[in-house]
Amino acid sequence: MTERVVLAYSGGLDTSVAIGWIAEETGAEVVAVAVDVGQGGEDLGVIRKRALDCGAVEAEVADAKDEFAEEYCLPAIKANALYMDRYPLVSALSRPAIVKHLVAAARKHGATTVAHGCTGKGNDQVRFEAGIAALAPDLKCIAPVRDYAMTRDKAIAFCEARGLPVATTKKSPYSIDQNVFGRAVETGFLEDIWNAPIEDIYEYTANPAVPREPDEVIITFEEGAPVAVDGEPVTVLQAIQRLNERAGAQGVGRIDMVEDRLVGIKSREVYEAPGAIALITAHQELENVTVERELARYKRQVEQRWGELVYDGQWFSPLKRALDGFVNEAGRHVCGDVRMTLHGGRAVVTGRRSERSLYDFHLATYDTGDTFDQSAAKGFIDLHSLSSKIAAKRDLAQA
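With that settled, the discussion passes to the pairing of strand 1 (residues 4–8). Counting buried positions along strand 1 yields 5 of 5 residues, so the element is predominantly enclosed. Going residue by residue along strand 1, you find Arg4, Val6 and Ala8 tucked away on one face and Val5 and Leu7 tucked away on the opposite face as well. Each parallel crossover has a hand, and the one from strand 1 via helix 1 (residues 13–26) to strand 2 (residues 29–36) is right-handed.

Overall, antiparallel pairing links the 5 strands, which are arranged 10-9-8-13-14 in an open sheet. Two strands bound the open sheet, and with one partner strand each, they are strand 10 (232–233) and strand 14 (346–353). Two strands pair when backbone bridges link them, and strand 9 (residues 225–229) and strand 10 are joined in this way by 2 bridges, in the antiparallel orientation. Across the sheet, Val229 pairs through a bridge with Glu232, a residue of strand 10. Its contacts with the sheet put helix 8 (residues 236–248) on strand 8 (215–222), strand 9, strand 10 and strand 13 (336–343), and the angle it makes with strand 9 is roughly 60°.

With 80 residues, the main nonpolar core has Phe68, Leu89, Leu93 and Trp306 as its most contacted residues. Ranked by the residues each element gives to this core, the list is headed by helix 4 (residues 90–109), at 10 residues. Not counting the four nearest positions on each side in its chain, Leu89 is found in contact with Ala81, Tyr83, Trp306, Gly307, Val310 and Tyr311. Formed by 27 residues, the second largest nonpolar core is a distinct cluster that contains Val17, Trp21, Ile22 and Ala59.

We now examine the packing of helix 10 (residues 293–311) against helix 11 (residues 318–330). The interhelical angle for the contact between helix 10 and helix 11, taken along N-to-C directions, is 145°, at an axis separation of 10 Å. With respect to the hand of their crossing, helix 10 and helix 11 are arranged in left-handed fashion. Listed contacts from helix 11 to Leu295, Tyr298, Lys299, Val302, Arg305, Trp306, Leu309 and Val310 of helix 10 are Leu319, Lys320, Leu323, Asp324, Phe326, Val327 and Ala330. For the contact of helix 10 with helix 11, the residue count by class is 11 nonpolar, no polar and 4 charged.

Moving on, we come to unusual backbone geometry. With a phi close to 70°, Thr187 is a non-glycine residue in the positive phi region. Assignment of secondary structure puts Thr187 in the loop between strand 7 (182–186) and strand 8.

Quick look at the side chain of Glu269 now. Within the secondary structure layout, Glu269 lies in strand 12 (residues 266–272). Among the polar contacts listed, one links the side chain of Glu269 to the side chain of Arg261, at a separation of 3.2 Å. Among all residues touching Glu269, those that are not within four sequence positions of it are Val185, Glu186, Ile255, Asp256, Met257, Glu259 and Arg261.

With that settled, the discussion passes to the environment of Leu237. Relative to the helices and strands, Leu237 is located in helix 8. On the accessibility criterion, Leu237 (6% relative accessible area) is buried. Counting along the chain gives 146 residues from Leu237 to Leu383, while the straight-line C-alpha distance between them is 50 Å. Apart from the residues within four sequence positions on either side, Leu237 is in contact with Lys65, Asp66, Ala69 and Val180.

In this section: the packing of aromatic side chains. On inspection of all chains with the given rule, the structure shows 9 aromatic pairs. With a centroid separation of 5.8 Å and an interplanar angle of 75°, the aromatic rings of Trp306 and Trp315 are classed as edge-to-face. By relative accessible area, Trp306 is classed as buried at 0%. Three or more aromatic residues joined by ring pairs form one cluster here, namely Phe68, Tyr72, Trp306 and Trp315. When the ring centre of Phe158 is taken as reference, the NZ or CZ atom of Arg162 above it lies at 3.6 Å.

Bringing helix 11 into the picture now. The terminal C-alpha atoms of helix 11, which comprises 13 residues, lie 19 Å apart, in line with the 18 Å expected from a rise of 1.5 Å per residue. Listing the buried residues of helix 11 in full gives Lys320, Leu323, Val327 and Ala330. Projection of helix 11 onto a plane perpendicular to its axis shows the buried side chains occupying an angular sector of 75°, all on one side. Projecting away from the buried face of helix 11 at angles above 90 degrees are the exposed residues Pro318 and Arg321. Among the structural elements, helix 3 (65–78) and helix 10 are those in contact with the buried residues of helix 11.

What follows covers the environment of Phe361. Mapped onto the elements, Phe361 comes out in helix 12 (residues 361–364). Considering only alpha carbons, one finds Phe361 and Ala330, 31 residues apart in sequence, at a separation of 23 Å.

For the rest of this paragraph, the subject is the side chain of Ser94. Topologically, Ser94 is positioned in helix 4. Looking at Ser94, its side chain comes within polar contact range of the main-chain oxygen of Ser91, at 3.0 Å. Apart from the residues within four sequence positions on either side, Ser94 is in contact with Val37, Phe68 and Asn179.

Where side chains of opposite charge bring their charged atoms close, a pairing between them can arise. Within this structure, the stated rule accounts for 36 salt bridges. Here Glu71 and Lys100 are joined by a salt bridge, their closest N and O atoms 4.0 Å apart. Here Lys100 lies in helix 4 and Glu71 lies in helix 3, a separation of 29 residues in the sequence. You can call Glu71 partly exposed: its relative accessible area is 40%. Of the residues examined, Lys100 reaches a relative accessible area of 37% and is grouped as partly exposed. The salt bridge involving Arg127 is made with Asp124; its shortest N-O contact spans 2.8 Å. Linking Arg127 with Asp124, this pair stays in helix 5 (residues 124–135), spanning 3 residues, or about one helical turn. Here the two residues Arg127 and Asp124 agree in accessibility, since each one is buried.

What counts and what doesn't
Residues numbered from 1 in each chain as written. Predicted model: local features only at pLDDT ≥ 70, side-chain atom pairs only at ≥ 80, totals over all residues. Heavy atoms only, no water. Buried < 20%, exposed > 50% of the residue type's maximum accessible area, 1.4 Å probe, protein only. Helix = DSSP H or I, 4+ residues; strand = E, 2+ residues; numbered from the N terminus. Right-handed = clockwise from strand over helix to strand, strands pointing away. Pairing = 2+ DSSP bridges. Contact = heavy atoms within 4.5 Å. Axes fitted to C-alpha atoms, helices over the stretch in contact; angles between N-to-C directions. Core = buried A, V, L, I, M, F, W, Y, C linked by side-chain atoms within 4.5 Å. Left-handed = near helix turned anticlockwise from the far one by under 90°. Nonpolar A, V, L, I, M, F, W, Y, C, P; charged D, E, K, R; others polar. Polar contact = N/O pair within 3.5 Å; in protein donor to acceptor, adjacent residues only side chain to side chain. Phe/Tyr/Trp six-rings, centres within 6.5 Å; stacked < 30°, edge-to-face > 60°. Lys NZ or Arg CZ within 6 Å of the ring centre and 35° of its normal. Expected span 1.5 Å × (residues − 1). Arc of directions from axis to C-beta. Salt bridge = Lys/Arg side-chain N within 4 Å of Asp/Glu carboxyl O.

By themselves, these are just geometric observations and shouldn't be taken as functional.
Below, the structure is given as structure tokens:
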């Protein structure tokens, strides 16, 4: 029986060529799998036909936008996930979503191997292969670009020699990955970290320097999940899409950073994630109102580790799964409304309200109605500082 390889398929030149390339290198039949996580572009039906025309024995396409939003983006919002305090894990979140479909297709079609189009230099190879190892440890993984030196020049020559139905136009100077949660741009002139980004590289966001009227929006959350925008009920996908439009129109969510890649190098990345940044900003502020102090302090440590695990391709790991339980428990009372002004590239919180609020006006006010017992403060301070006071006396005596 001929072996089968499941290929993560985008419809572009590299993965279209990879269908025939893998067949020639391994003698296996190729099953192409394309997953829509909100990246836009061509219709899934067009992509499926191209895969078959390029030699795939089977081609599957999946509209996974809602699944991606509910099962991957929402946990990131609840975790306030910002790798290195800035990056909302745009690409890192989509890889495990795609992996689940690749593994399901491998089981369905009796494949022994999964293939992807990553190079040996980036994070995504780890995310794909670590995810596959966690879900299906018996499956092998190959990457034609990395394992068989399938350069772009070779890919174009292969495509033209066999008359494959895919454009071989000059490659964009940038490497771009996008989905509904955001967009990542790298390479080209951006590899010189002194070069400033130019407006041409952006698609999800308008220039924040252009004068325009501010946009005020109210986002409603239930247990950490966005459920309404300006009072209108929405799914998680719709919340992201609407904030992409409105925050993006105000230039919110542009990020230019040098980040620490998992493979050990530093890499300059430019991201735009207007919906993600707006939603995480709103969610953080509602947590400030509804989450008890010690729980909130500890959750900030969990958030950093959660983001590192996802960035490092450990979505399906036991630790990530355990931290998900903590994040969900911590978010039980994160319910209410956050009002934000979107303007000039910033999402600024201007109001918050919640029936689960821990903010007590009568304890916080300095005016009439103050119920805070100020007489208790002196004894509290004496006890709170006692250990440091004792140590200071010892140190001064020995000086």
